[in-house]
Amino acid sequence: MESKKEKTFKFVVVGGGIAGVTCVEQLSSQFASEDVALITAGPHIKAVTNYKQVSRRLEEFDVEEKPSSVLEEKYSNLTIIHSAVKSLRTHTHCVETADGRVFGYEKLCICSGARPKLLTQENPHVLGIRDTDSAQEFQKRLSTAKRIVVVGNGGIALELVYEVRRCEVIWAVKDKAIGNTFFDAGAAQFLIPSLEGDKEQAAAPCKRQRFTTEEPAPDASGSALGPDWHRGIELQGQTPKPDTGSWPVYVQLTNGETFGCDFVVSATGVVPNTEPFLHGNNFLLADDGGLQVDDHMMTSEPDVYAAGDVCSACWEHSPLWQQMGLWTQARQMGWYAGRCMAADVLSEPIDLDFCFELFSHVTKFFNYKVVLLGKFNAQGLGSNHELLVRCTKGQEYVKVVLSGGRMVGAVLIGETDLEETFENLILNQMDLTAYGEELLNPDIDIEDYFD
Ligand code: FAD
């Protein structure tokens, strides 16, 4: 493969999702006179737009799919190669693409994302949603569907069951409460009325959801979608007709119940896209199958970095941070990986970026603003924690996680306006024992109090 090298680039980044694009932009601008390449399977790239710093650690932005020419016009030293990477030879520092071309690199960053973990492979009645193509396929199938079964309990499943209209949705959840990736049972309870209520009377005359808390007995190459992936896509089924008793597919749950449906949406998590890179190399993989990276985003292979959903952060985490497959983290990791690659080339030292100090995420679920901070679900704390909760039905849900009298996490649902104060309280680790439940007293202006 070495002898066939078409060109050697200083930096090669694989993947046109948020992680890859952020990384390649960082490198192309910092090394304006060096050759940089982005190799990506799809025709489009994901671009961050409307970036807004909400507080010191919380950021919000939109993600837009754009033609890759936008990037090439911005950076004259950047070449975009539209083909999937088929193989990697780390000892000769080159990658081969599906169209048979070979490119050399000095430093490589793998940002190939992840793909849905499907309940069963190659069953035409089981869909995973990952990219624009699969979302469109879902929409097409939904337009003639009377009943679908959604399996899974993460963000995608939550959004789906909320957005789908004119189609019966059976939601199979193996946990005791909905949305357990993001919430505890209390928050789930707060959100459930949004599912049961008529969000839009006219548009949803036949909306019904059925919850079941058991799991059924048991390839996309575009970028992963992100928040608002369903916006602009009509998620409407066919108005339910009487059950004819004959469905294209049946799902049997571990509680013994069987449901027929038009198709199944498998939203049970993702698997990192590592395969093309593994053969012939010695990458260390984490338990989730991701490429292990250290605190400089370096994999176990020399000169190979990784960022976003394809990697597993294997450094010793701050006690207030955890990795989750989210847009914000894909951007942060891509940017930091670019800076680490640059520091390496320039033999400069670099410290772990402060964005990895505190987990922070802003999103929307069921039309409520949701802010998650630190160990928001008491992750890894065992019984060594205390919870304070304030809830006003239909308006707000505030949960604080305390450990040793200090705030280590929070869930804020609704317009609580508490994010900045809580972020500071978590970061400064002030002993809050003396305040007790007063911390959430709605009559106290907590922002003023801790200023
Ligand atoms: P991706 O965006 O998956 O990009 C990977 C890129 O690599 C793609 O361009 C692909 O074409 C390319 N590629 C793959 N293999 C190869 C190869 N062999 N050769 C060359 N190129 C390759 N996150 C949130 O923060 N909030 C949300 O509300 C949210 N909702 C989501 C809803 C859905 C339906 C899905 C699927 C995900 C959602 N996510 C959400 C998660 C978020 O989209 C991902 O965490 C994020 O996009 C990961 O970015 P990435 O750059 O690592 O990977």
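Residues numbered from 1 in each chain as written. Predicted model: local features only at pLDDT ≥ 70, side-chain atom pairs only at ≥ 80, totals over all residues.

On to unusual backbone geometry. Positive phi, normally seen in glycine, also occurs at N50, with a value near 50°. Note on placement: N50 falls in strand β3 (residues 44-53). One non-glycine residue, D303, lies in positive phi territory at about 65°. Tracing the sequence through the fold places D303 in the loop between β18 (291-293) and β19 (304-306). A count of 16 C-beta atoms within 10 Å places D303 in the partly exposed class. (Helix = DSSP H or I, 4+ residues; strand = E, 2+ residues; numbered from the N terminus. Buried ≥ 20, exposed ≤ 12 C-beta atoms within 10 Å, placed from the backbone.)

Around the ligand, a shell composed of 39 residues is seen, among which G15, G17, G113, G308 and L326 lie nearest. Those elements giving two or more residues to the shell around the ligand turn out to be α1 (18-30), β2 (36-40), α4 (155-163) and α7 (327-345). Of the residues contributing to the shell around the ligand, the split by class is 18 nonpolar, 18 polar and three charged. Residues from two domains meet in the shell around the ligand; each of domain 1 (2-113 + 273-356) and domain 2 (116-269) gives at least three. (Near = placed C-beta within 6 Å. Nonpolar A, V, L, I, M, F, W, Y, C, P; charged D, E, K, R; others polar. Domains from an automatic or database assignment.)

Take the environment of L160 next. Summarising the element assignment, L160 is placed in helix α4. For L160 and W171, which are eleven residues apart along the polypeptide, the C-alpha to C-alpha distance reads 9.6 Å.

So, on to the UniProt feature "domain: FAD/NAD(P)-binding" (unreviewed entry) in the protein chain. Per the UniProt record, the feature "domain: FAD/NAD(P)-binding" (unreviewed entry) sits at residues 10-167 and 249-334. The annotated region residues 10-167 carries 25% helix and 39% strand content, and the separation between its end C-alpha atoms amounts to 52 Å. Note that residues 249-334 is 14% helix and 28% strand, and that its end C-alpha atoms are spaced 41 Å apart. (UniProt positions renumbered as here; feature names shortened; annotations may be inferred.)

Consecutive side chains along a regular strand alternate between the two faces of the sheet. Residues F259 and C261 point to one face of strand β15 (residues 258-261) and are all buried, whereas T258 and G260, pointing to the other face, are not buried. Here strand β14 (residues 249-252) runs beside β15; their pairing, made up of four bridges, is antiparallel. Looking across to β15, one finds that V251 is bridged to F259. (Pairing = 2+ DSSP bridges.)

Partitioning the protein chain into structural domains gives domain 1 (2-113 + 273-356), domain 2 (116-269) and domain 3 (367-449). For domain 1 versus domain 3, the separation of C-alpha centres amounts to 35 Å. Facing seven residues of domain 1, the contacting portion of domain 3 comprises nine residues. Across the side of domain 1 that touches domain 3, the residue classes tally to three nonpolar, two polar and two charged. (Contact = placed C-beta atoms within 7 Å.)

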